[in-house]
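Listed here are the chains, written in short residue letters.
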Amino acid sequence: MTLGLSAQNTLQLEKNQESPKASLSQVSWLAGHWKGEAFGGITEEMWSPPMGGSMMFVFKLVNEDAVTFYEIGHILQVDGTLLLQLKHFQGNLKGWETKDETVDFKLVKIEQDRAYFEGFTLEKTSTDEIALYVLIGDTEKKEEVTFAYKRVGTSINPVN
């Protein structure tokens, strides 16, 4: 189910709906080094190939030649489905979330070139471009933000 006109690309699980079966191989196209623009600055993400039951990533936002914030996270294969988890850090690496807290996004639906997590959609738009759609804001008012990325350099090859 979509959340209205401001959320055209993100979905939420229905009450009592479970995440579908999925594997990391279905999102392995994320592996690589990506750059784009958002929030008035330059964004960068690096995704590792699937290994050890996860795909890890790091994110950085740079405004006016200074890091605004970082994210570190992963897509974890757990109980036959996927879970996207992340933590935020200020530019000085001080965490936003408490010590053991993560921001979790359960899988809602998976397609060949799209993975819908609750409020967070990953899309392969071409071989060298991806888009991430994220619902941002408090529970009262959320806005869908688009992060459009282009591949930087050569791709990261999956480990066999």
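Everything numeric here is computed off the predicted structure, so don't read it as measured data.

**So, the overall build of the protein chain**
Then, in step 1: Across its full length, the protein chain carries zero helices and ten strands.
Then, in step 2: Taken from N to C terminus, the helices and strands of the protein chain fall in the order β-β-β-β-β-β-β-β-β-β.
Then, in step 3: Scaling as 2.2 N^0.38, a compact globule of 160 residues should have a C-alpha radius of gyration of about 15 Å, and the protein chain matches this with 15 Å.
Then, in step 4: Overall, the protein chain is about 45 × 45 × 35 Å in size when its C-alpha atoms are taken along their principal axes.
Then, in step 5: Here the protein chain holds 160 residues, and the buried ones make up 42% of them.
Then, in step 6: Long-range pairs, those at least 24 residues apart, make up 41% of the contacts in the protein chain between residues at least 6 apart in sequence.
Then, in step 7: When the accessible surface of the protein chain is totalled, it reaches about 9300 Å², and 51% of it is carbon and sulfur.
Then, in step 8: Counting 15 positive and 23 negative side-chain charges, the protein chain places the centres of these two groups 3 Å from one another.

**Here's the deal with the environment of T127**
Then, in step 1: In this fold, T127 is placed in the loop between β8 (120-126) and β9 (129-137).
Then, in step 2: Under the relative-accessibility criterion, T127 is labelled exposed at 57%.
Then, in step 3: Linking T127 and M46, residues 81 residues apart in sequence, is a C-alpha distance of 16 Å.
Then, in step 4: In this view, T127 contacts W34 and R151; residues no more than four positions away in its chain are not counted.

**Overview of the sheet that holds strand β7 (residues 114-117)**
Then, in step 1: Overall, antiparallel pairing links the ten strands, which are arranged β1-β2-β3-β4-β5-β6-β7-β8-β9-β10 in a closed barrel. Between one strand axis and the next, the sheet turns by 25° as a mean value, whatever way the strands run.
Then, in step 2: Examined bridge by bridge, β9 and strand β10 (residues 142-151) share nine bridges and lie antiparallel to one another. In the strand pairing of β10, V134 is matched with V145.

**Brief notes about the nonpolar core**
Then, in step 1: Core analysis: the largest hydrophobic core is formed by 31 residues, its most contacted members being V27, L30, I75, L82, F117, F120 and L122.
Then, in step 2: With four residues, strand β3 (residues 54-63) is the single largest residue contributor to this core.
Then, in step 3: In contact with L122, other than residues within four places in its own chain, are W29, L30, I75, D113, R114, A115, F117, A131 and L132.

**What about the side chain of Q85?**
Then, in step 1: By secondary structure assignment, the location of Q85 is in strand β5 (residues 81-90).
Then, in step 2: Residue class for Q85 comes out buried when judged on its relative accessible area of 17%.
Then, in step 3: Within the local environment of Q85, its side chain forms a polar contact with the side chain of D104, the two groups lying 3.3 Å apart.
Then, in step 4: If near-sequence neighbours (up to four positions away) are discounted, Q85 is found in contact with F57, I72, G73, H74, L76, T102, V103 and D104.

Rules used in this analysis
Residues numbered from 1 in each chain as written. Predicted model: local features only at pLDDT ≥ 70, side-chain atom pairs only at ≥ 80, totals over all residues. Heavy atoms only, no water. Helix = DSSP H or I, 4+ residues; strand = E, 2+ residues; numbered from the N terminus. Rg over C-alpha atoms; globule rule 2.2 N^0.38 Å. Buried < 20%, exposed > 50% of the residue type's maximum accessible area, 1.4 Å probe, protein only. Contact = heavy atoms within 4.5 Å. Areas by Shrake-Rupley, 256 points an atom, 1.4 Å probe, with all protein chains shown as cover. Lys, Arg positive; Asp, Glu negative; His and termini not counted. Charge placed at Lys NZ, Arg CZ, Asp CG, Glu CD. Pairing = 2+ DSSP bridges. Axes fitted to C-alpha atoms, helices over the stretch in contact; angles between N-to-C directions. Core = buried A, V, L, I, M, F, W, Y, C linked by side-chain atoms within 4.5 Å. Polar contact = N/O pair within 3.5 Å; in protein donor to acceptor, adjacent residues only side chain to side chain.

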